[in-house]
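Observations on chain architecture
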There are 2 protein chains.
Amino acid sequence: LPGIALPETLRITDAISEAVLYADLLVVMGPSHVMRDLLKGVRSVLDGAPIVVSAAKGIEERTLLRMTEVVVDVLGAALDGRVTALSGPSFAREIALGMPTAVTAASVNPGTCRYVQDAFRTPSFRVYSSNDPIGVEIGGAAKNIVAIATGVSDGLGFGGSSRAALITRGVAEIGRLVEAMGGDPRTVSGLSGVGDIVLTCTGDLSRNRTVGLRLGRGERLDDVLAGMAMVAEGIRNTLSVCELARRVGVEMPIVEQVRQLLYEDKPPRQVLCEFMRRESKPEF
Amino acid sequence: LPGIALPETLRITDAISEAVLYADLLVVMGPSHVMRDLLKGVRSVLDGAPIVVSAAKGIEERTLLRMTEVVVDVLGAALDGRVTALSGPSFAREIALGMPTAVTAASVNPGTCRYVQDAFRTPSFRVYSSNDPIGVEIGGAAKNIVAIATGVSDGLGFGGSSRAALITRGVAEIGRLVEAMGGDPRTVSGLSGVGDIVLTCTGDLSRNRTVGLRLGRGERLDDVLAGMAMVAEGIRNTLSVCELARRVGVEMPIVEQVRQLLYEDKPPRQVLCEFMRRESKPEF
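Counting of residues starts from 1 at the beginning of each chain's written sequence and follows it residue by residue. Chains carry letters and ligands carry numbers; both start at the beginning, A for chains and 1 for ligands, and go up in the order they are written. This being a predicted model, a pLDDT of at least 70 is required before a residue's local features are given, and a value of 80 or more before pairs of side-chain atoms are given or counted; all residues contribute to the totals for chains, interfaces and linings. Derived side-chain values reflect all non-hydrogen atoms in the structure, with water molecules and hydrogen atoms excluded from consideration.

It is worth spelling out the state of the cysteines at this point. Cysteine sulfur atoms are paired as a disulfide whenever they come within 2.5 Å of each other. Applying the stated rule across the entire model yields 0 disulfides over all chains. You can see Cys201(B) has no disulfide; the closest cysteine sulfur is in Cys201(A), sitting 15 Å from it.

Written out as structure tokens, the structure is:
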């Protein structure tokens, strides 16, 4: 973060043992497809059972596990009640500048939530607790797909009404998936869902939104990806979320249209029109 | 709408009897404080019981009635199952240009919903049904207050994270009010709530957002209002929504802070900080 001084008490290391050994609390973070290897490195030096906070977003590809499930899968069942998913609308630079920010800490164990709330809270950084890591993590993964869809709409030159409709209907279909997986659909209307979706879909900083925007303007996916240093998480997650939806028998029309856009070369305009053309329905 | 031709079949009149008599479906629309008088005009010429679609937003000041309740109060109980609230993220210009738009039609009578869905639907205008006019109309009124709050945050120079937090926590407190009033809190996560809030809080066209923005930048409320042809609906609704919340015993910290900003001259920075400084809480 150029221009922002890190605290002098902060020690930075690339020796995983130094970072992990004797830690009371670990924060783990990275793209979803590297988390398993990163955690294997942690396991090789871990002693004891610290609180583990996952700030990673996404669904692991082959296994379809959420990130906190990958943590327990690799580090062992002793960590089950000690893992927390931290998620919500937050840009690192804005937090560092002390701008008001609010996020959610989700764990099945209320004591773990309270520990994480106390550890992270500052006068400008508010941490809400949730007992629904399913809702928080599925929302965190699926919002990237909605960000691609809203980017497509913006790229086609459609307006704020179209974008607001996609965001809202995206939230509704993610809620259906969360409920079918045993989570609470209300969670998706919270910071880790609606909050993060609003930030991602209206800011200009999101890789996922940029992918949609450029596809909407008529560029080819190969060309869009060629110019990006990192693959947008939403591209990976589209297949995982489609597969999860199929398994639990939930219809996700926006995610399905994004899948056809990315993986079957469906024209962007057709993707959006298909979504509008469906039967008149009850909203919930 | 400059540049957009109205259909030739459309007849425009200022004779209320011509507009109302023999109509199968009436759309009524206006600022919340003029609706009662407008409807009295309708009553004086009404013959029969048409479907009435209210596109008005807000809570009537003294009575604290929702707009569809004002319709029934003035036009008579015969209209009870024939009134619909139509609400959702939609700019007239974007609809006229055929940009994809989705809204909610809410009535306690499913048949009335279907009638309105069929009457309004086009290939680019999607109408979802809802059986929860309380949720749709309370959300439609309270979202203007959240728009003022996000304007304040933007005006103070805070970032996208702050705005997303206010939108999300605003949705949560509106959901609590809706539930306490006998509506469904899920409705607030739909088009008439989240969808419209996203459009209002991120577009630059909203009077309510503009009021907050200018207050956040340090202008005085009197000066802001002096330059506006119409009073922003949110300013009126702040008192009504506070009063509704008090009656049903629901805490609405964002609405309460906006009330103190508008009616007690509380400084904008303090308004936002107060909201952040509260106890760590469960998200729902």
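Moving on: the confidence of the model for chain A. In this model, chain A carries an average pLDDT of 93, and 100% of its residues clear a pLDDT of 70 or more. Scoring the predicted complex yields pTM 0.92 and, for the interface, ipTM 0.90. Scored between 0 and 100, pLDDT is the confidence that the predictor attaches to each residue.

This part covers the sheet that holds strand 5 (residues 125-130) of chain B. Residues and elements named next belong to chain B. Two strands make a pair as long as DSSP finds a minimum of two bridges between them. Helix and strand assignments follow DSSP, with helices taken as H or I runs no shorter than four residues and strands as E runs no shorter than two, numbered in order from the N terminus. Strand order in the open sheet formed by 5 strands is 1-2-3-4-5, and the pairing between neighbours is mixed. The two strands at the open ends of the sheet, each matched to only one other strand, are strand 1 (25-28) and strand 5. Neighbouring strand axes in the sheet, compared pairwise and without regard to direction, differ in orientation by 25 degrees on average. Alignment of strand 4 (residues 101-106) against strand 5, held across 6 bridges, turns out to be parallel. Of the residues in strand 5, the one forming a bridge with Ala102 is Arg126. Residue contacts are counted whenever heavy atoms from the two residues lie within 4.5 Å of one another. Lines are fitted to the C-alpha atoms to define the axes, a helix being fitted only along its stretch in contact, and any angle between axes, read from their N-to-C directions, falls within 0 to 180 degrees. The sheet strands contacting helix 8 (residues 191-202) are strand 3 (83-87), strand 4 and strand 5, and the helix crosses strand 4 at an angle near 145 degrees.

Looking only at helix 13 (residues 268-276) of chain A, the buried set comprises Pro268(A), Val271(A), Leu272(A), Phe275(A) and Met276(A). The buried residues of helix 13 of chain A all sit within an arc of 135 degrees when viewed along its axis, so they share a single face. Those residues of helix 13 of chain A that are buried lie in contact with helix 6 (133-155), helix 7 (160-180), helix 9 (207-216) and helix 12 (253-263) of chain A together with strand 4 and strand 5 of chain B. Remark: exposure states derive from per-residue accessible area (1.4 Å probe, protein chains only) relative to the maximum for the residue type, with buried under 20%, exposed over 50%, and partly exposed in between. This arc is taken over the directions from the axis of the helix to the C-beta atoms.

It is worth spelling out the interface of chain B and chain A at this point. With 51 residues of chain B at the interface, the matching set in chain A holds 51 residues. Any carboxyl oxygen of Asp or Glu that lies within 4 Å of a side-chain nitrogen of Lys or Arg is treated as forming a salt bridge with it. Applying the counting rule to chain B against chain A returns 0 salt bridges. Counting of polar contacts relies on pairs of N or O atoms within 3.5 Å, with two restrictions inside protein: one atom must be capable of donating a hydrogen and the other of accepting it, and residues adjacent in sequence are counted only when both atoms are side-chain atoms. At the boundary of chain B with chain A, the tally comes to 22 residue pairs in polar contact (both at pLDDT 80 or more). For the side of chain B that touches chain A, the leading source of residues is helix 7 (residues 160-180) of chain B, giving 10 residues. A class-by-class count of the residues in the side of chain B that touches chain A yields 22 nonpolar, 18 polar and 11 charged. By the convention adopted, Pro, Cys, Tyr, Trp, Phe, Met, Ile, Leu, Val and Ala count as nonpolar, Lys, Arg, Asp and Glu as charged, and the other residues, Gly among them, as polar.

Moving on: the pattern of salt bridges. Pairing between side chains becomes possible if they bear opposite charge and their charged atoms approach one another. Residue and element names in this part refer to chain B. Per the stated rule, a full pass over the model turns up 38 salt bridges over all chains. A salt bridge links Glu137 to Arg66; the shortest N-O distance between them is 2.9 Å. Here Glu137, found in helix 6 (residues 133-155), pairs with Arg66, found in the loop between strand 2 (51-54) and helix 3 (67-75); they are 71 residues apart in sequence, far enough to count as distant. Glu137 gets classed as buried once you look at its relative accessible area, which sits at 7%.

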